[in-house]
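This is what each chain is made of:
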Amino acid sequence: MELDEEKKFFIYLLEHYAAYKNKATAQVLSEWDGKKITQKIYDNYWLYHTEAMENAYKDIDAMLQ
């Protein structure tokens, strides 16, 4: 089964954000789910995949606060 580009990027972003935070991906996803921002992050594919990853990290950090 082939994943669409949005799903591939979401997984990529999750893995890289977890590494950036030095946390397990499951822990990061749990935090995102707990703050109810997972879908918003997923929906921001068109913004995040065209910018520097650091911009996505800053946006996610702001949503977590």
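Structure: above.
Anyway, here's the lowdown on the structure attached to this text. Given the structure is predicted, the values throughout are model-derived calculations rather than measurements.

Cut-offs applied
Residues numbered from 1 in each chain as written. Predicted model: local features only at pLDDT ≥ 70, side-chain atom pairs only at ≥ 80, totals over all residues. Heavy atoms only, no water. Salt bridge = Lys/Arg side-chain N within 4 Å of Asp/Glu carboxyl O. Buried < 20%, exposed > 50% of the residue type's maximum accessible area, 1.4 Å probe, protein only. Helix = DSSP H or I, 4+ residues; strand = E, 2+ residues; numbered from the N terminus. Core = buried A, V, L, I, M, F, W, Y, C linked by side-chain atoms within 4.5 Å. Contact = heavy atoms within 4.5 Å. Phe/Tyr/Trp six-rings, centres within 6.5 Å; stacked < 30°, edge-to-face > 60°.

Pairing between side chains of opposite charge can happen when their charged atoms approach one another. In the structure shown here, the tally under the stated rule is four salt bridges. Here Lys8 ties to Glu2 by a salt bridge, and the two come within 2.7 Å at their closest N and O atoms. For Lys8, a relative accessible area of 34% puts it in the partly exposed group. The shortest N-O distance in the salt bridge between Lys21 and Asp61 comes to 3.3 Å. With Lys21 in helix H1 (residues 5-21) and Asp61 in helix H5 (residues 53-64), the pair connects residues that are 40 residues apart, well separated along the chain. Via salt bridges that share partners, Glu2, Glu5 and Lys8 belong to a single interconnected network.

On to the nonpolar core. Within the largest apolar cluster, 18 residues are counted, with the highest numbers of intra-cluster contacts made by Leu13, Tyr17, Trp32, Ile41, Tyr48 and Ile60. Among the elements of the structure, H1, helix H2 (25-34), helix H4 (45-48) and H5 are those that each provide at least two residues to this core. Dropping the residues within four chain positions of it, Tyr48 is found in contact with Phe9, Leu13, Ile41, Ala56, Asp59, Ile60 and Met63.

Okay, the packing of aromatic side chains next. The full count for this structure, using the stated rule, is nine aromatic pairs. Consider the rings of Tyr17 and Trp32, whose centres lie 5.6 Å apart with planes at 50 degrees: the pair is tilted. Within this pair, whereas Tyr17 is found in helix H1, its partner Trp32 is found in helix H2, the two being separated by 15 residues in sequence. Residue class for Tyr17 comes out buried when judged on its relative accessible area of 1%. You can call Trp32 buried: its relative accessible area is 0%. Seen in terms of ring centroids, Tyr45 and Trp46 are 4.8 Å apart; in terms of plane orientation they differ by 75 degrees. Their pairing is edge-to-face. Assessed through its relative accessible area of 9%, Tyr45 is described here as buried. For Trp46, a relative accessible area of 61% puts it in the exposed group. A connected cluster of aromatic rings, assembled from ring pairs, spans Phe10, Tyr17, Tyr20, Trp32, Tyr42 and Tyr57.

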